[in-house]
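Working through the structure, step by step
Below, each chain spelled out in residue letters.
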Amino acid sequence: MPVVVDPDPAAVGNLLEAMPDGAHGIDSPDRLTAWLGEHTDEYLVLLGPHLDLDLALATCETLRTGRPTISVVLARDSIDAGLLARAMKAGARDVVPDDDLDAVAAAANRAHQLHVALRGPVGVAHRGKVVTVFSPKGGVGKTTMAVNLALSLADRGARRVCLVDLDLAFGDVAITLQLFPSHTIEHAVGAEDTLDASMVGPLLTRHQESVMVLAAPSQPDVRERITPGLVARVLATLRETFDWVVVDTAPAFDEPTLAALDETDECVVVATLDVPTLKNVRVALETLDVLGIARGHRHLLLNRADEAVGIGPEKVEAILGLAVATQVATSVDIAAATNAGTPIVCGKPDHPSSAAIRDLAAQLAGQPAVPAGAGSEEQAAPVAGRRFRIRR
Ligand SMILES: Nc1ncnc2c1ncn2[C@@H]1O[C@H](COP(=O)(O)OP(=O)(O)OP(=O)(O)O)[C@@H](O)[C@H]1O
Ligand SMILES: [Mg+2]
């Protein structure tokens, strides 16, 4: 899918309007390299007007020899013969005015035609993964972890991630990210049988860190109109274009949650170190067993995993029969980050909690863990980021 590169989020949003459904936006050529590493079938890179021209031309030059099947298009605010000559020499396929969206769309179309001619029209259907963040208990940190996990999986634009707020009555994903959505899942009501990528795209709100959000309705009573069939269709549609679909849920086995769990590839179960929560999580895991959901694909996230409460991670693993995938200590920085609207993995990437969440993202993505920034004094915190396995 085409990728737009520009440091200005407004320019990215504008240029994406001219791109086909599923196009992606990132803020720097540095993240472009990461994106192309994950997406070997990429066919179009659109370099936006706020990129320094020399950097844009250097990027063209690198792709010309490194990835010759990719069409590189420059969108600039002023175009003259000198620029055209330099762009063509560097290997750009097109140079278009950034404010002429028809010209941008036509360039994208030409790139797609070339792609089809080179590779043929038959491609393997894209199937991203759905990861549901779930806990039967309220207030344990599901939303906080879902938001930070989505941002970690996105890896600043290297992967395309959609975060879906399925806490349909009281969802707070949008406010946690300081987004003000003009559309929500409410606008898909009635589209159980017809929803496709072109319909769901306009319902998403873009976060500056390249994550798209499908927000919960603004009024709680709308929940009644969102059927399990619609939830299933929304998630199935989103996984056609996104690499990861992260789902935040309400603290219950309600119908939308069950529909999401049915579509789920990986389930992140959030628990805290208190007996009532552990009892309820255990019952929930047994229910998932009965329903045959995500067996072998469950990841236990211990939140507020502080040592002084009398229950340690080994005991939790014994109670739940599930290895702790990652644990996050209680930290005032997490609550402060939520209140500031800048999730901790963005605001404090070197914080141990950020490292612990990135570690979970790396486990999900099947990659080695990314170490936290060396030398941070916060890394001395005793529990975050440690891993435990059940001893048999
Ligand atoms: N490890 C932590 N340390 C400190 N504060 C935390 C931690 N995890 C979550 N919080 C805070 O706890 C509050 C509740 O978290 P959150 O909204 O993520 O829980 P939730 O499980 O989604 O709740 P609900 O069930 O109501 O949807 C938030 O203010 C959040 O900032
Ligand atoms: Mg929540």
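These numbers come from a predicted model, not from an experiment.

Here the focus is a negative patch on the surface. On the surface, a cluster of negative charge is made up of Asp-77, Asp-99, Asp-100 and Asp-102. Within the secondary structure, Asp-100 sits in the loop between strand S5 (94-97) and helix H5 (101-119). Here Asp-100 falls in the partly exposed class, since its relative accessible area comes to 32%.

Our next topic: a nonpolar patch on the surface. On the surface, Ile-79, Leu-84 and Met-88 cluster together into a nonpolar patch covering about 230 Å² of accessible area. With respect to the helices and strands, the residue Met-88 is situated in helix H4 (residues 81-90).

Around ligand 1 sit 18 residues, and of these Lys-142, Thr-143, Thr-144, Asn-303 and Thr-338 come closest. Between ligand 1 and Thr-143, the relevant distance is 2.8 Å, taken from an oxygen atom to a side-chain nitrogen or oxygen of the residue. In the environment of ligand 1, an oxygen atom lies 2.9 Å from a nitrogen or oxygen atom belonging to the side chain of Thr-338. Protein coverage of the free-state accessible area of ligand 1, which is 630 Å², stands at 80%.

Going through the model one piece at a time under the given rule, you end up with one aromatic pair. With a centroid separation of 4.9 Å and 35° between ring planes, the pair formed by Phe-134 and Phe-253 is classed as tilted. With Phe-134 in strand S6 (residues 129-134) and Phe-253 in the loop between strand S10 (244-249) and helix H10 (255-263), this residue pair connects regions lying 119 residues apart in the sequence. For Phe-134, a relative accessible area of 1% translates into the label buried. Looking at Arg-160, its charged tip hangs above the ring of Phe-242, at a distance of 4.1 Å from the centre.

Taken N-terminus to C-terminus, the directions of helix H2 (residues 29-38) and helix H3 (residues 53-66) make an angle of 20°; their axes are 11 Å apart at the nearest point. In terms of orientation, H2 and H3 fall into the roughly parallel class. Viewed along their axes, H2 and H3 form a crossing whose handedness is right-handed. In this structure, H2 uses Pro-29, Leu-32 and Leu-36 to contact H3, whose residues at the interface are Leu-55, Thr-59 and Leu-63. Broken down by class, the residue content of the contact of H2 with H3 amounts to five nonpolar, one polar and no charged.

Here is what the cut-offs are and how they apply
- Residues numbered from 1 in each chain as written.
- Chains lettered and ligands numbered in written order.
- Predicted model: local features only at pLDDT ≥ 70, side-chain atom pairs only at ≥ 80, totals over all residues.
- Heavy atoms only, no water.
- Patch = residues over 30% accessible without salt bridge, like charges linked within 9 Å, V, L, I, M, F, W, Y side chains within 5 Å.
- Areas by Shrake-Rupley, 256 points an atom, 1.4 Å probe, with all protein chains shown as cover.
- Salt bridge = Lys/Arg side-chain N within 4 Å of Asp/Glu carboxyl O.
- Lys, Arg positive; Asp, Glu negative; His and termini not counted.
- Charge placed at Lys NZ, Arg CZ, Asp CG, Glu CD.
- Helix = DSSP H or I, 4+ residues; strand = E, 2+ residues; numbered from the N terminus.
- Buried < 20%, exposed > 50% of the residue type's maximum accessible area, 1.4 Å probe, protein only.
- Near = heavy atom within 4 Å.
- Polar contact = N/O pair within 3.5 Å; in protein donor to acceptor, adjacent residues only side chain to side chain.
- Phe/Tyr/Trp six-rings, centres within 6.5 Å; stacked < 30°, edge-to-face > 60°.
- Lys NZ or Arg CZ within 6 Å of the ring centre and 35° of its normal.
- Axes fitted to C-alpha atoms, helices over the stretch in contact; angles between N-to-C directions.
- Parallel < 35°, antiparallel > 145°, perpendicular 65-115°, else oblique.
- Left-handed = near helix turned anticlockwise from the far one by under 90°.
- Contact = heavy atoms within 4.5 Å.
- Nonpolar A, V, L, I, M, F, W, Y, C, P; charged D, E, K, R; others polar.

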